[in-house]
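Fold and contact review
The lines below spell out each chain.
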Amino acid sequence: MLDAKIPAGPLDQKWSKYKSTCKLVNPANKRKLEIIVIGTGLAGASAAASLGELGYKVKAFCFQDSPRRAHSIAAQGGINAAKNYQNDGDSTYRLFYDTIKGGDYRAREANVHRLAEVSANIIDQCVAQGVPFAREYGGLLSNRSFGGTQVQRTFYAAGQTGQQLLIGAYQALERQVALGNVKMYSRHEMLEVVVIDGKARGIIARDLVSGKLERHFGHAVLLCSGGYGNVFYLSTNAMGSNVTAAWKAHKKGAYFGNPCMTQIHPTCIPVSGDHQSKLTLMSESLRNDGRIWVPKKQNDTRRPNEIAEEERDYYLERRYPAFGNLVPRDVASRAAKERCDAGYGVGSSRQAVYLDYADAIQRYGKIELGKQGLDTADAATITRLGKEVVKEKYGNLFDMYEKITGENPYEVPMRIYPAVHYTMGGLWVDYNLMTTVPGLYALGEANFSDHGANRLGASALMQGLADGYFVIPYTIGDYLADEIRTANIPTDHPAFVAAEKEVSDRINKLMGINGSQSVESFHKRLGKIMWDKCGMARNAKGLQEAIQEIRALREEFWKDVRIPGAVAEYNPELDKANRVADFMELGELMCMDALDRNESCGGHFREEFQTEEGEALRDDANYMYVSAWQYAGTNNWQLHKEPLNYEVVKPSQRSYK
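Rules used in this analysis
Residue indices follow the written sequence of each chain, beginning from 1 at its first position. Given that the model is predicted, a residue must reach a pLDDT of at least 70 before its local features are reported, and side-chain atom pairs must reach 80 or more before they are shown or counted; all residues, however, enter totals for whole chains, interfaces and linings. Where side-chain values are given, they derive from all heavy atoms of the structure, hydrogens and water being excluded. The pairing criterion is simple: DSSP has to find at least two bridges between the two strands. The helix and strand labels rest on DSSP assignments: H or I over at least four residues marks a helix, E over at least two residues marks a strand, and numbering proceeds from the N terminus. In this analysis, the protein atoms alone were mapped onto a 1 Å grid. Cavities are point sets where a 1.4 Å probe fits without being able to get out; pockets are open sets with protein on both sides within 12 Å along at least five of seven lines; lining residues have an atom within 4 Å of a point. Grid points are joined across faces, edges and corners, and a volume is the space filled by probe spheres set on the points. As a working rule, the residues Ala, Val, Leu, Ile, Met, Phe, Trp, Tyr, Cys and Pro are called nonpolar, Asp, Glu, Lys and Arg charged, and the rest polar, with Gly in that last group. Each helix should span, by expectation, one fewer than its residue count multiplied by 1.5 Å. Think of it in three bands: with a 1.4 Å probe and only protein chains considered, a residue is buried below 20% of the maximum accessible area for its type, exposed above 50%, and partly exposed in between. Summarising the geometry, the arc corresponds to the directions from the helix axis toward the C-beta atoms. The criterion used for residue contact is that any of the two residues' heavy atoms lie within 4.5 Å. For every element, the axis is a line fit to its C-alpha atoms; helices are fit only across the contacting stretch, and the angle between N-to-C directions ranges from 0 to 180 degrees. With the far helix as reference, a near helix turned anticlockwise by less than a right angle produces a left-handed crossing, and one turned clockwise produces a right-handed crossing.

What follows is about the sheet that holds strand E14 (residues 353-356). Taken together, the five strands give an open sheet; going across it, the order is E11-E15-E14-E12-E13, and neighbouring strands pair in antiparallel fashion. The sheet is open, and its two edges are formed by strand E11 (262-268) and strand E13 (312-313), each paired on a single side. Here two bridges tie strand E12 (residues 291-295) to E13, and the two strands are oriented antiparallel to one another. Looking at E13, one finds that Val294 is bridged to Asp313.

If you want it as structure tokens, here you go:
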């Protein structure tokens, strides 16, 4: 039985009791302890900065040329926190409840409540760092709504919240670099975890510029390397985002939790052709004011502005009147797919729906009239004033859409369609954020812990910063208090030598294949299998086929992939090949996990298990657990189960109607 190490006591007192009773490391001893942090996005940068501030010796690694290039920079819409600035009924409990419900009752209560508790601290921390959150006229921080909630709790900085938060964390990190508490290794990729006497004691990293392999010791290793959405090839993730760090840890004994639970984001620019290598996200914040619709007539080829109001189907408002366009992402995504599959899709591909701002522009325009003391104005003035408000709130997003599509979203509705965005699955961790390998931690999107089967919008940034700023500084101390007598282990230790040889042999094997097909072609083929058979909808037959197809593809990859260049040089194709090889193994496990879970929940939608109205049908009697998979060799995993016990929230069929 997996031990999640959840503290005893009432739910709302677990974290405060833990902080009061956990072991501590005194300042003098912290200077003797070394910690490795992999990844410098919001989770990694905040963790490295916080641990450096506490006095630990930290080594931080990122494969980008600067920590500021981490993929957290791409987050647009906002960050949740239960501050109740709007006085609209929000609270720590309501944020906790919305997150549990939004995740379709497949998240761990204790972790989610802790997340809700520390959320308010995050905003204070970021404001102190100078993050330029949007503000109301009087100077107070502004909020907007995101899916799955009926309150306004999302703090934002226009449509570039992730970038601004990352700059704040980056500044904190660079301060520690300047003080000598953190040593930064950019253009380095972790390719192996070094385990000595059952504990994580270091890593093997590759200098991506020179190709040289390096050994690094640490008393603990923190994986903050993000999610694995690029297993689908087309996703909203940066092209470099990968699963390699987490996967190497998995193969060294860290269980993988809920790998099949991936999130499809409903608000993305549709695929335009085979030439694409990634997809572009249009922030969920646009669903605050935009209305989503399709024509009521099938295969309607008219332009959107030619379709009269009575001929439009605002299907989310029709199906889910209580939440309307702000239903959770999994619900909105499936609803869009259902309309398109039924023949109501728009655009040349017919695989898109409209996101329309016409009503919002008119509404804001009339509000501006009132602000300016005008009783009446012509339609053009109202429209102009409304566009100015929308531009102030969402302008950079509208500009991005126009640059990509060539269409002006102020004049015509945006076309959107669901796409792979976030992964709720990840390395299994206990309450301390430690994996099943002692001394090896996973933070942010790299772990499975806080979102269940579906993540609510604006909660990714919240979790990453919560883990880095406010959770790991306590929980890692509880572990390292027993490690103060462990001297630094020399990197010529046999375990380091063996780990480096393992990495070197794998690289040389890849380079020695000298086949005829590009790495990119294999990645595309893997992505098509995953999207078609383990994507927005899954069924047993398709998943069984996918497993066999992935195994065959992997065998072909190791026989016929072609990697130009050499090992001892800058070679991005080799880097990519390493990552795609790991994606192929992960893809198989994702399909196995999806096949094993005979229910629908959140982002895991098995077509065999749905209500008469097409909603996800959970099976709480048989699947109220976290699936934690242990690697047991090629094509072989052992399933462990962590039961989910709900002490406070009573699981029920989700309803947003």
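Having seen the model, we can carry on.
What follows deals with the layout of surface pockets. The method is simple in principle: a probe with the dimensions of a water molecule rolls over the atoms, and the space it marks as empty is what remains. If you add up the space inside the second largest pocket, you get close to 810 Å³. Around the second largest pocket, the lining is made up of 31 residues, and of these Leu234, Val271, Lys528, Trp531 and Asp532 lie nearest the centre. Listed by contribution, the elements that provide at least two residues to the lining of the second largest pocket are strand E15 (414-423) and helix H14 (519-534). Among the elements that take part in the lining of the second largest pocket, H14 stands out by supplying six residues, more than any other. Of the residues in the lining of the second largest pocket, the class split is 15 nonpolar, eight polar and eight charged.

Attention now goes to H14. Residues separated by three or four positions in an α-helix point in the same direction, a consequence of the helix having 3.6 residues per turn. Here H14 is 16 residues long and its end C-alpha atoms lie 21 Å apart, about the 22 Å a rise of 1.5 Å per residue gives. Those residues of H14 that sit buried are Val519, Phe522, His523, Leu526, Gly527, Ile529, Met530, Lys533 and Cys534. All buried residues of H14 lie within an arc of 165° about the axis, which places them on one face of the element. The secondary structure elements touched by the buried residues of H14 are helix H15 (540-560) and helix H16 (572-596).

Glancing now at the packing of helix H3 (residues 42-54) against helix H6 (residues 161-179). Between two packed helices, what matters for the description is the angle formed by their axes and the separation of those axes. At their nearest, the axes of H3 and H6 sit 8 Å apart, and the two run at 35° to each other. For H3 against H6, the interelement crossing comes out left-handed. Residue-level inspection shows Leu42, Ala45, Ser46, Ala48, Ala49, Gly52 and Glu53 of H3 in contact with H6, the latter providing Leu165, Leu166, Ala169, Ala172, Leu173, Arg175 and Gln176. Here the contact of H3 with H6 is built from residues that sort into nine nonpolar, three polar and two charged.

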